[in-house]
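Summary of structural features
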Amino acid sequence: MVSAVGGQEQIIPKSYAAELAVLSSVIFASGGHLLIKAGLNRALQVSAGMTLWERLGHYFVDPLVILGLGIYFLGTLLWVLAASKKSISYLYPITALNYVLVSLGGTLFFDEAIPRRHWVGILTVVFGVILMQRSASRESK
Amino acid sequence: MSSTVALWTSIFLGGVAQILLKRGLNERVAQASKSSLHWWLSLLTSVWIWAWGISFVVATALWLLAVSQMNISYAFPLLSASYALVALLSRIFLKEPVDWRRWGAITVICVGVVLIAGR
């Protein structure tokens, strides 16, 4: 497809549609995880002493958990959209940004500590994703 | 099932799931349809897409089974093995071009995931 148009001449919005979709997918998936965690933090306070099944039932009726699962599902749809546009060997590793966003969300919203080694990992993943983007020049689908 | 078997089966199946998804999508992109709603609905008639969905659910269940019995800081970095697996399988079964730059980027991302999750 690219060769027919001549790579460089492609219109930018079209050629970046997959990247936009995968980034949105990562943002939705991470946001979903963080909402689920917020719901669980709240639900945990009242679930002490319950059996496993009682606890699960309790978690799945928490509005934040339900909202989180719904947003996570939207993220999955966006992932399908992204995967329909470019190579899976290119797009799939980009979803490692999930770990970055969930970590940042954890420290931002839940005051979870991020050790220095963890920050180095975050920067390394971001660097890897930038490298991955540069390997996309010969993308066709 | 031992937790180690559950963990590696989950990682392998999770990678295979992405290949199944892409295989199904490649088919549906080829027969590009008129409206986008039609396209989304057409995915529901693809055996590959169903295989992806089932693999995804089984992989997630196995993952929960594994991490309930082992340290998450040990299990989590191993997930990044699926990036290399997906690249390898996509090259073999989908004929995707995976050059040295892409392998390099995958390696860097795996190192980053290990650093984030490891102890």
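Residues numbered from 1 in each chain as written. Chains lettered and ligands numbered in written order. Predicted model: local features only at pLDDT ≥ 70, side-chain atom pairs only at ≥ 80, totals over all residues. Heavy atoms only, no water.

**Focus on the environment of B:Pro77**
Examined against the element boundaries, B:Pro77 turns out to sit in helix 4 (residues 72-78). Filtering out sequence-adjacent residues up to four positions away, B:Pro77 remains in contact with B:Ile72, B:Val113, B:Val114, B:Ala117 and B:Gly118. (Helix = DSSP H or I, 4+ residues; strand = E, 2+ residues; numbered from the N terminus. Contact = heavy atoms within 4.5 Å.)

**Regarding the interface of chain B and chain A**
Of the residues lining the interface, 38 residues belong to chain B; the matching set on chain A comes to 39 residues. Carbon and sulfur atoms make up 68% of the surface buried where chain B meets chain A, a total of about 3200 Å² over both sides. Sorting the residues of chain B by area buried against chain A places B:Tyr83, B:Arg102 and B:Ile116 first, and these three jointly supply 21% of that buried surface. Where chain B packs against chain A, one counts zero salt bridges. Counting across the interface, chain B meets chain A through 11 residue pairs in polar contact (both at pLDDT 80 or more). For the side of chain B that touches chain A, the elements supplying multiple residues, two or more each, are helix 1 (3-30), helix 2 (36-43), helix 3 (47-67), helix 5 (81-93) and helix 6 (100-117) of chain B. In terms of residue count, helix 6 of chain B provides more of the side of chain B that touches chain A than any other element does, 12 residues in total. Across the side of chain B that touches chain A, the residue classes tally to 25 nonpolar, seven polar and six charged. (Buried area = accessible area lost by both parts, 1.4 Å probe. Salt bridge = Lys/Arg side-chain N within 4 Å of Asp/Glu carboxyl O. Polar contact = N/O pair within 3.5 Å; in protein donor to acceptor, adjacent residues only side chain to side chain. Nonpolar A, V, L, I, M, F, W, Y, C, P; charged D, E, K, R; others polar.)

**Some points on the pattern of salt bridges**
Taken as a whole, this structure holds four salt bridges over all chains when the rule is applied. The salt bridge involving A:Glu19 is made with A:Lys86; its shortest N-O contact spans 2.9 Å. You can see A:Glu19 sitting in helix 3 (residues 17-44) and its partner A:Lys86 sitting in the loop between helix 5 (63-83) and helix 6 (88-91), a full 67 residues away along the chain. A:Glu19 sits in the buried class, given a relative accessible area of 8%. On the basis of relative accessibility, which here comes to 13%, the residue A:Lys86 falls in the buried class. Put simply, B:Arg28 and B:Glu27 hold a salt bridge, and the shortest N to O gap is 3.5 Å. Overlapping salt bridges, with partners in common, bring together B:Arg23, B:Glu27 and B:Arg28 in one network. (Buried < 20%, exposed > 50% of the residue type's maximum accessible area, 1.4 Å probe, protein only.)

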